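# A look at the structure
So the chains spell out like this:
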Amino acid sequence: MTAMQTTHSHTPQSTYSPHELALEIKAFISGVDQTQGRKLSVRDHARCAVRLLCTVPACRGAVLEHLRGVYDEYVSAFLQDLETEGDNEGGSSMDSNLEDVIKEIHSVLSEFIRLNPKAWAPLVSTWAVDLLGQLSSKHAGRRAAPHSSSLNELLQLWMSCAATRSLMEIYSQCLAAMLAWCPDACVDALLDTSVQHSPHFDWVVAHIGSAFPDTIISRVLACGLKDFCSHGHPGAEMANLQGARASPTSSMSAMDKSNRVPKIGSVVGILGHLASRHSDSIKRELLRMFQDSMSPPSQPPPSTPSGTGAWEGSAHLRRAAVPFLLQLIALSPTLLGAVSAELVDSLRPPVLLQLQSQLQALPREELENLLGLAVHLISQFPAGGAKVLRFLADTATPSSVIISGPSPSPHEGVRESCDRLLQMLLMHLHKLVYNRPDGDEPYAHSSSYSSSSSVAPTARVIPFLEELQTHIADLCGETLRLERKRHLWLHQLLCLLSVYGGPSVATEALCHLLTLARNPEELALASQLHAPLSSTIPGLIPAAVARCVAQIHTQNLSSRELSQLLNNLATAVQSQEEDRKGGAGAASAQASMSVQVGAAVSNHLHDFCPLLLHGDHAVSRAAARLLSCSQLPRSASPAHILVIARAAVAHFFLALRQRGVVGLRDGGRGGSEAVTYSMRLLSRLAAYSPLTLKAVLQQLVEGALHKGHADLFGGQTTGDDATLSPSPVPDLGPSLLDINCKFGTTVNFSGSVWSVFHTGVIGKGLKPPSISSQLDPDKVTQNLQTLLAVTVQCCSSAGVGSGANAGNGSGAGPANGARFKQGTDPDEPAPINAEAAKAIAVALVENICPEVTNGELAWPPEEHAKTTVERDIHIRRAFEANPILFHLLRVVAAGRPALCYCSVVLRGLLATLLAHWESSREPLVLDSPWHLQASCLLVSCMGEGQLLPPVLSNIHELFPHLTPFEVRLLLEGIWEYMRGNSPMPQKFTFSAEKGLFYRDFSRDGDVARYMAPIHSVLHKNIDQLGHLCWRFQV
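The shown structure was predicted, so the numbers you read here are calculated from the model rather than taken from an experiment.

### Regarding the overall build of the protein
From N to C terminus, the protein includes 47 helices and four strands. Expressed as a percentage of its 1034 residues, the buried residues of the protein come to 50%. The long-range fraction of contacts in the protein, counting pairs at least 24 apart against all pairs at least 6 apart in sequence, stands at 77%. A total of about 48,200 Å² of accessible surface is found on the protein, and carbon and sulfur atoms cover 55% of it.

### Side note on helix 14 (residues 264-294)
In this model helix 14 runs just 22 Å from its N-terminal to its C-terminal C-alpha over 31 residues, more than 12% under the 45 Å that 1.5 Å per residue would give. Within helix 14, the axis deviates most sharply at histidine 278, by approximately 115°.

### Some thoughts on the packing of helix 23 (residues 472-479) against helix 24 (residues 486-501)
For any two helices packed against each other, one specifies the crossing angle of their axes together with the interaxial distance. Interhelical geometry of helix 23 versus helix 24 gives an angle of 145° and a closest axis separation of 8 Å. Seen from above, helix 23 lies across helix 24 with left-handed handedness. Facing helix 23, whose interface residues are Ile472, Leu475, Cys476, Glu478 and Thr479, helix 24 presents Arg486, His487, Leu490, His491, Leu493, Leu494 and Leu497. Split into classes, the residues belonging to the contact of helix 23 with helix 24 amount to seven nonpolar, three polar and two charged.

### What about helix 39 (residues 834-848)?
If you check helix 39, its first and last C-alpha atoms are 21 Å apart, about what 15 residues at 1.5 Å a residue would give, namely 21 Å. Most of helix 39 sits out of view: 12 of its 15 residues are buried. By the burial criterion, the buried members of helix 39 are Ala834, Glu835, Ala836, Ala837, Ala839, Ile840, Ala841, Val842, Ala843, Leu844, Val845 and Ile848. Of the surrounding elements, those touching the buried residues of helix 39 are helix 35 (690-705), helix 37 (777-796), helix 40 (869-881), helix 41 (884-894), helix 42 (903-919) and strand 4 (996-999). N-capping of helix 39 is provided by asparagine 833, with a side-chain oxygen placed 3.0 Å from the backbone N of glutamate 835.

### Some points on the packing of aromatic side chains
Enumeration according to the criterion identifies seven aromatic pairs in this entry. Arranged with centres 4.6 Å apart and planes meeting at 25°, the rings of phenylalanine 112 and tryptophan 120 form a pair that is stacked. Phenylalanine 112 sits in the buried class, given a relative accessible area of 1%. Given a relative accessible area of 0%, tryptophan 120 falls into the buried group. Put simply, the rings of Phe652, Phe653 and Phe713 pair up and form one aromatic cluster.

### A few points about unusual backbone geometry
The residue after arginine 896, namely proline 897, is reached through a cis peptide bond having omega 5°. With respect to the secondary-structure elements, proline 897 resides in the loop between helix 41 and helix 42. In this structure, glutamine 555 is a non-glycine residue whose phi angle is positive, near 60°. Tracing the backbone shows glutamine 555 in the loop between helix 27 (540-554) and helix 28 (559-581). Unusually for a residue other than glycine, glutamine 946 sits at a positive phi of about 60°.

### Let's talk about the confidence of the model for the protein
Close inspection of predicted coordinates is inappropriate in any region flagged by low pLDDT. Per-residue pLDDT for the protein has a mean of 76; in total, 76% of the residues score no lower than 70. Confidence drops under pLDDT 50 across residues 86-94; counting only partners more than four residues distant or on other chains, this segment forms two contacts. Note that residues 401-407 has pLDDT below 50 and, in this model, seven contacts with residues that lie over four places away or in other chains.

### Observations regarding the pairing of strand 3 (residues 988-991)
Pairing geometry for strand 3 and strand 4, over four bridges, is antiparallel. Paired with serine 991 across the bridge in strand 4 is leucine 996. Where strand 3 hands over to strand 4, the hairpin turn is made up of four residues, of which glycine 995 adopts a positive phi near 75°.

### Quick notes on the layout of surface pockets
The space that makes up the second largest pocket amounts to roughly 780 Å³. Taken together, 31 residues make up the lining of the second largest pocket; nearest its centre are Leu326, Leu347, Leu355, Ala374 and Leu421. Put simply, the parts of the chain that give the lining of the second largest pocket at least two residues each are helix 14, helix 15 (315-330), helix 17 (349-360), helix 18 (364-379), helix 19 (385-396) and helix 20 (412-433). Per element, the largest residue contribution to the lining of the second largest pocket is six residues, and it comes from helix 18. Partitioning the lining of the second largest pocket into residue classes produces 27 nonpolar, three polar and one charged.

### With respect to the packing of helix 24 against helix 25 (residues 503-516)
Packing of helix 24 against helix 25 brings their axes to within 6 Å, and their N-to-C directions diverge by 145°. Counted together, Leu494, Leu497, Ser498 and Gly501 of helix 24 and Pro503, Ser504, Val505, Ala506 and Ala509 of helix 25 form the full contact between these two elements. Within the contact of helix 24 with helix 25, the residues separate by chemical class into six nonpolar, three polar and no charged.

Calculation notes
Residues numbered from 1 in each chain as written. Predicted model: local features only at pLDDT ≥ 70, side-chain atom pairs only at ≥ 80, totals over all residues. Heavy atoms only, no water. Helix = DSSP H or I, 4+ residues; strand = E, 2+ residues; numbered from the N terminus. Buried < 20%, exposed > 50% of the residue type's maximum accessible area, 1.4 Å probe, protein only. Contact = heavy atoms within 4.5 Å. Areas by Shrake-Rupley, 256 points an atom, 1.4 Å probe, with all protein chains shown as cover. Expected span 1.5 Å × (residues − 1). Bend = angle between axes of the 7 residues up to and from the residue. Axes fitted to C-alpha atoms, helices over the stretch in contact; angles between N-to-C directions. Left-handed = near helix turned anticlockwise from the far one by under 90°. Nonpolar A, V, L, I, M, F, W, Y, C, P; charged D, E, K, R; others polar. Polar contact = N/O pair within 3.5 Å; in protein donor to acceptor, adjacent residues only side chain to side chain. Phe/Tyr/Trp six-rings, centres within 6.5 Å; stacked < 30°, edge-to-face > 60°. pLDDT = per-residue confidence, 0-100. Pairing = 2+ DSSP bridges. 1 Å grid on protein atoms, 1.4 Å probe; cavity = no way out; pocket = protein on both sides within 12 Å on 5 of 7 lines; lining within 4 Å. Points joined across faces, edges and corners; volume = space filled by probe spheres on them.

And the structure:
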């Protein structure tokens, strides 16, 4: 009161006698002029009140209360003018008279606040903000007033009114004056009014907050925290929030109805209005409040005159800060979005320990409610969900597990709390994903579904899972680390994400698991993910395989990831075969993941086959493994199958070259595996159909004879393909001018009209020797055995698909051949299919002498060989350059009567051998080793193919002991027999008992007439060949 009197002594209107003051007081109370006896007008009554306010401090309460009516009268007239628009007669005078009074009141109050703020600012600020709230709520329903949701229009309306603008300026002046010593009283009044008059009071909050953003934000939070503590913070409010968390938009109205914590809704509203322009400040203040509550307590600041101090000094307020912040951001998605991205960064180990100690001091029920609220908030995180998940997983992981990163191992109590929180989060997400209510009894007390039981619950948007959908690859990578407990949590979260996101997310997750898994244990996670999803998402495996194929086409995978993907698919397909071998039932096999993967891969074999020729050896080997264990679809087009066959043969030769190469990363061991996979794949292709059988065998023959692969089988490049060694004589490049100058001085042509010029020397002497790179003989032998093995496998498995297409009396051969194999010793090799051997024979003829037709089966007289010398020499050179030809002839000979179709090749080779032995002047045949070997192999092949009778087919045993002339005599006998008994397939008959074709030589006439040269040679060399005579008896 003394301060107010001091203020009044400085005003110019304080010179009134006691009598005059008494008259003014009576006039103010009665509303009648004491000198004239008439009733005071509103304007005069207001001026009387202002004079009393300036002269009698004790009347300030009554005066301010009376001035409420003056302001209300002015606002009513102002809105009436806006509603009547064109009619200004009714309210213009009242508006004008009161506007003078409003200005006078504003000037008086402003002067009081300026001169003595500590005495007047708290009182006037409370009066002004409460009056603003009353005016906003009372006139909210007027036609001239916009709706409360139109904040900008509402603010523009009230700021154009002189009365409300005056009150706003007075309150701003009080707030500015009280910031230094007592801001809480001013903010408390703002909060109380906001609780009573929201949402019509929101325009005041928006204007004040824009004028003092930092102050309003910090003080609103502090006042809200103190009010929260003054009402206590048990778990009832948290349970109330959890019950209403499904509808965040109605959370503020629910809080308005609560009488336990009346100001928290107002705090949310104020901060929500400021978030559009001051979100950074709000985020900074929220995080600062959390960090201050977790920091060690400091000395409490001295109390202010208003009795309030900083909340950081109160232990009770510090303990209540975390529950208060959780409830605050639970009521506002805007506040949650402001702090969600950076909240995890502030959770350092010391902060976690302090938070753990605070939580341990809470009652059990309150702790459960607090954890439930935290789980709900995490599920609603609009941003930073991946960071929160990583933090929880890292902190909850047991200390025995090595965690990547510099973060130290968390405290055991902190770890257990995070473990519990993470499990609660997964359970809560499970309920949300499957549209279950948050209560304990499913669908028992759900108000959202009780109104209409026939309406299905709508899909619920879960912001946490929405953001995690963009981190599927990271989640799969973390899951595959197989850390104890951690991978179980993440795998469960992947299942929830797949159900929530639908087929697209499930397909992506399964595709990443198939791509990133590095061992069978990690690959098992893919089947574990597929098991719960197979019943809800049909066609998941085909979609995942199709996505993997799309990644291959777009080249989004590295070579390592691509090889892992192919190997994982192959492992899944091979597990199907293991299940079948293990006796699993047909129904369970069809429902398993491996069966579906095998079927899906079979539909995309043409997409995988280009990978057989990939530049990375690991990728090509993995592709061969996948294709070798996959079933070929019966509905595949011939074009696709032929492309696969061509790529498989090319990969086979590449694998042969890579096998045993030391420079490879695996030391060549991967090459051996690749060869095995290629052999298996080629066998499957050969058994698929007669078309693929012929294609595989033809390309095997072509590849073996190709100049790029000849060295693998001990062959040599011929002609221009040979690599020439550098010439020992350097090319000096002589000048023709110098040569002619020297040449002209040595030859004298004087007196002649002729001139002689030297035009250079043709050639540079002898050609340098060719350099042919030869492989190790052991590797050559191994390659030969591998090629022959895969060729025999293809020919043996051909009976599966080529039964009805055999010709020339061989139609029943394959099927009977299969029965023959079953009835004999299992260790005995399967018979060579006649049609397969014929395909090899035709391929050999086409590659050795392509100008010859298959119809030239009859043998002409020996003199006829003179007309085919060039062709015969070409055939001999082919055999010299490719030792593999003799081995392939052996395979053809085993598939009788296929050797008949090689008649042209046999005739040409025999003709060149006859010519060689006739012209040879060597004393022994051992001096011509290749020709001796070729002669022996030729006669042996013809005998095995039953082109020669057994008596004649044994003569190759005599060759090493004879002279060249004697060898020629015996070979001429072979030629004569072949001329008289042409190799025709019609001469062979099929034996159903043994499943093979045989030739009855008794039908060809007497063989004894061809034996005279043999007997003559035996008699001449009886000392060396006597022990062999019994083999040549007819």
